[in-house]
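# Results of the structural survey
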Amino acid sequence: MKILLLVDGSAFTTKAAQYLVDHFGVLKGKLELQLLHVTLPVPRAVGVGKLGDGKGLISSFYADEGTAALAPAAEILKKAKLAFTYTHDVGDVGKKVRAFTEKNQVDLLVMGSHGHGALKGLLMGSTATKVLASCKVPVLVVR
């Protein structure tokens, strides 16, 4: 079974990682766990000017952002001895997640939900809503 866990470094991602440990730990040998973090692109004007074209600075930002987002979930999964691979990408979250699930033939997408956004009465945040709208695989939202 191929499971994709979306990570953003938040307490909600930590809850989702712990949920996987608690409920999917019995599948250790049969589980292919992948983690994905998608960073929104930095506007083109940021980093341009006195710093040159800013490409090195922006690349460094993306790498740091990805590492920070991965750390909490990775700690939980390593402690539970669940093997995983990690990918970081930059772009629209919904589009990137859909492309990843299709390319990697993911069976289940797991994500935490912040539950805040423009309409606080909604059950899920805007990122979770975008992912649900764009993906064709089953999605487990952990709150």
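In this text, all values refer to a predicted model and were calculated from it rather than measured experimentally.

## Quick look at the nonpolar core
- Ranked by internal contacts, the top residues of the largest apolar core, which has 21 residues, are Ile3, Leu5, Leu20, Leu33, Leu35, Leu77 and Val110.
- Residue assignment for this core shows that the elements contributing at least two residues are strand S1 (2–6), helix H1 (11–24), strand S2 (32–39), helix H2 (55–79) and strand S4 (108–112).
- Residues Leu4, Leu6, Val38 and Val97 belong to the second largest nonpolar core, which totals 14 residues.

## As for the sheet that holds S4
- Taken in spatial order, the five strands of this open sheet run S3-S2-S1-S4-S5, and their pairing is parallel. Either end of the sheet is taken by a strand with one partner, and the two such strands are strand S3 (84–90) and strand S5 (139–142). Each neighbouring strand pair of the sheet contributes to a mean axis angle of 25 degrees, computed without reference to strand direction.
- Where S1 lies against S2, five bridges are found, and the strand directions are parallel.

## Examining helix H4 (residues 126–134)
- Buried residues of H4: Ala128, Val131 and Ser134, and no others. Taken down its axis, H4 places every buried residue within 140 degrees of arc, on the same side.
- Check the buried side of H4 and you find it contacts S1, helix H3 (93–103) and S4.

## A short note on the pairing of S4
- Counting buried positions over the five residues of S4 gives five, a clear majority of the element.
- On S4, burial covers both faces: Leu108, Val110 and Gly112 on one face and Leu109 and Met111 on the other are all buried.
- Strand direction decides the pairing type here: S1 and S4, joined by three bridges, are parallel. The residue bridging Leu4 from the neighbouring strand is Leu109, located in S4.

## Digging into the pattern of salt bridges
- According to the stated counting rule, one finds two salt bridges in the structure shown.
- Of the charged contacts in the structure, one is a salt bridge between Lys96 and Asp89, with a shortest N-O distance of 3.6 Å.
- Lys96 gets classed as partly exposed once you look at its relative accessible area, which sits at 27%.
- Residue Asp89 is classed as partly exposed on the basis of its relative accessible area of 29%.
- With a closest N to O distance of 2.9 Å, Arg98 and Glu102 form a salt bridge. With a gap of four residues between them, Arg98 and Glu102 both fall in helix H3, about one helical turn apart.

## Some words on the packing of H1 against H2
- Two elements in contact, H1 and H2, have axes whose closest approach is 9 Å; the angle formed by their N-to-C orientations is 20 degrees. In this view, H1 runs roughly parallel relative to H2, as classed from their interaxial angle. For the pair H1 and H2, the sense of crossing is right-handed. Contact with H1, carried on its side by Thr13, Thr14, Ala17, Gln18 and Val21, involves Pro72, Ala73, Ile76 and Leu77 of H2 and no other residues of that element.

Parameters and conventions
Residues numbered from 1 in each chain as written. Predicted model: local features only at pLDDT ≥ 70, side-chain atom pairs only at ≥ 80, totals over all residues. Heavy atoms only, no water. Core = buried A, V, L, I, M, F, W, Y, C linked by side-chain atoms within 4.5 Å. Buried < 20%, exposed > 50% of the residue type's maximum accessible area, 1.4 Å probe, protein only. Helix = DSSP H or I, 4+ residues; strand = E, 2+ residues; numbered from the N terminus. Pairing = 2+ DSSP bridges. Axes fitted to C-alpha atoms, helices over the stretch in contact; angles between N-to-C directions. Arc of directions from axis to C-beta. Contact = heavy atoms within 4.5 Å. Salt bridge = Lys/Arg side-chain N within 4 Å of Asp/Glu carboxyl O. Parallel < 35°, antiparallel > 145°, perpendicular 65-115°, else oblique. Left-handed = near helix turned anticlockwise from the far one by under 90°.

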